[in-house]
Amino acid sequence: MARIAAVLGTLLRLSWREISTDHSIAGNNLLLIVFLLGSGGTQAIVFPVVVLGGLFLTAMSVHPLSKVPTDRLRTWPLTAGDRVVLQVGGVWLNPAVLILLPLLLVASLRLLAGYLLIGVISLQLAAGLISGRLPHEERAGLRIWTPSMPGRLGELIRKDTRQLLSYLDVWVSFAFCLGATIYRFTAEAPEPEAYAVISSLAAVIMGTSAQCLFGSDGAAGFTRYQLLPLRGWQVLGAKGAAWLLLLSLQTVLLSPIAAIAAGLVALAVGHHRSIRQPLMQKRWRFTNGSLLMLGLAQTTLSIGAGLFAARINPVAVLACALFYAISLVVYGHRWERRAT
Amino acid sequence: MISARQLVRRFGDHTAVHELSFEAPRGEVCVLIGPNGAGKSTTVKMLTGLLAPTSGTVIVCGTDVNANPLETKRKIGVLPENLGLFGALTVEEHLALTGSVYGLPRHVARDRSDRLLSLLDLEHGRNTLAENCSHGMRKKASLAMALLPDVQALFLDEPFEAIDPVTSRTIRDLLVSLSAQGVTIFLTSHILSLAEQIATKIMLMREGQVAWAGKPSQLPTSLEDLYLDLVEAPKAETLDWLGSPQS
């Protein structure tokens, strides 16, 4: 019994640490967008909050036992019965469950929390079943397919694309644009004015990831960048290319001009934090950036640039490109200085 | 080919490397030996431009490493301490990345990659993401990245650690042949026997300073005896709780 209590205590500590250290959503531009939508009435924010909350809880719905290295778990002197108790007990120590359980006490949220709790527990059980059937290599980390890219920086762009696809922000942006694209082709009288707004908002949603371009590289990745015979602007440029590629794919059937203009501005502003305060980011979480200063700047400047380029003068894209190029050179130089 | 003059690196009050000077001409295999924390990896980082020295200069292949880092990087291959791999790329993608960044034609990079993967017994892991590789596989992948471009000098931080005996032998023979081709090699190691076999110059390092340097033929005694004498002696301790019956 003492053995099981010790392991369960460790799982609880790991889950609590995850809850207490994951403040990503608090530093994400999505929060600004929710506030923007909220200014139009409470009803307007229900859908985005449910989507964001659902995504966040889904990402956290991993059985806490998966945090214990498999080989370590196998070497512990636990009986088959002990392992069953850990599997069943561990489900209740999952970070998402720990967040939802107190909500059961709030009468108005009881029903919603109950449904979510059932969803989270089902997800953990399903993930456990699927994971048990996967070969070891795939279980260790499901690879995101990305095509080979041409050019000297092609492989770096491929790597950066793969890293970006492991952030929830990018998938929220994809879902947002997919919804808008479906609306465009299925609505009886779609509103063309909306496409530029949606494309610019997509750039803002992805904007926080532009504030942490080195967030998935780690110390080893930074060392490799230091060793490669590349200028700072080339390193940043490869990351920007991957980011713009993903944004362009989402908005190609909406307003690509607005997206590119807004995206170039979001990237140019985001360089500041990527270089000055590079922070590690967790996979399958929202990225964590500076909300009040850079987030606000990205939101206002990107939406302004996107709408101007789409509605008033498309040549504004060139001005955005110039702004981006200046930022690339300035922060590329700073990166080189930091790299030695 | 490699010239270090009065290299010093301080971290706050701690001096990690103190006034290190040495020369390694073309084709030299210079092996730096010392205990953990002696300053070996800090030395490699300063020689390769990964870390700026507090004072002193490094010239590699005729280029000042700190004044012209980009030019230096084009001439050297490095196996860094933390291996410098991206978790999101496979072994093969790392080699393709190296080939394209160093400007090798795609078919040349592919041919060299195949040969290196075969040589280092890494073909089975070519499509494995770096984050899913074992430590030995990652070390081989990083070594392959150092060997892929046309470089004049190699800097290898503990290339034999976590490598199986057969591949170790392969790497050892490869380094000897590269040295004969004129490539200058600077490496760190804890494996004294290997160092003795391939080095044309040995440096023993202790607390950031060179305790002894010379050719293997100049060793006054065996390398192991000299190391234990000059660098550190083994500690003796009995863990009396092990082997006793469980309560």
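Residues numbered from 1 in each chain as written. Chains lettered and ligands numbered in written order. Predicted model: local features only at pLDDT ≥ 70, side-chain atom pairs only at ≥ 80, totals over all residues. Heavy atoms only, no water.

Q: Before we move on, can you summarise the overall build of chain B with the specific residues and values?
A: Check the secondary structure of chain B and you find 8 helices and 10 strands. For chain B, the C-alpha radius of gyration of 19 Å lies close to 18 Å, the compact-globule estimate for 247 residues. Along the first, second and third principal axes, the C-alpha set of chain B runs to 55 × 55 × 40 Å. Counting all 247 residues of chain B, 54% fall into the buried class. Within chain B, one finds 23 positive and 28 negative side-chain charges whose respective centroids are separated by 7 Å. (Helix = DSSP H or I, 4+ residues; strand = E, 2+ residues; numbered from the N terminus. Rg over C-alpha atoms; globule rule 2.2 N^0.38 Å. Buried < 20%, exposed > 50% of the residue type's maximum accessible area, 1.4 Å probe, protein only. Lys, Arg positive; Asp, Glu negative; His and termini not counted. Charge placed at Lys NZ, Arg CZ, Asp CG, Glu CD.)

Q: Tell me about the side chain of S209 of chain A, and please be specific about residues and values.
A: Residue and element names in this part refer to chain A. Structurally, S209 is set in the loop between α11 (193-205) and α12 (218-227). Of note is the side chain of S209, whose polar atom sits 3.1 Å from the side chain of W243. The residues contacting S209, other than those within four sequence positions of it, are L164, Y167, D169, W243 and T287. (Polar contact = N/O pair within 3.5 Å; in protein donor to acceptor, adjacent residues only side chain to side chain. Contact = heavy atoms within 4.5 Å.)

Q: Outline the sheet that holds strand β5 (residues 63-64) of chain B, listing residues and values.
A: Residue and element names in this part refer to chain B. With respect to topology, 4 strands assemble into an open sheet ordered β2-β1-β4-β5, the strand pairing being antiparallel. Unpaired on one side and paired on the other, β2 (14-24) and β5 mark the two borders of the sheet. Two elements, strand β4 (residues 55-60) and β5, share 2 bridges in a ladder whose sense is antiparallel. By the bridge assignment for β5, I59 is matched with D64. Here helix α1 (residues 40-48) sits on the sheet and contacts β1 (2-11), β2 and β4; the angle it forms with β1, its principal contact strand, is near 120°. (Pairing = 2+ DSSP bridges. Axes fitted to C-alpha atoms, helices over the stretch in contact; angles between N-to-C directions.)

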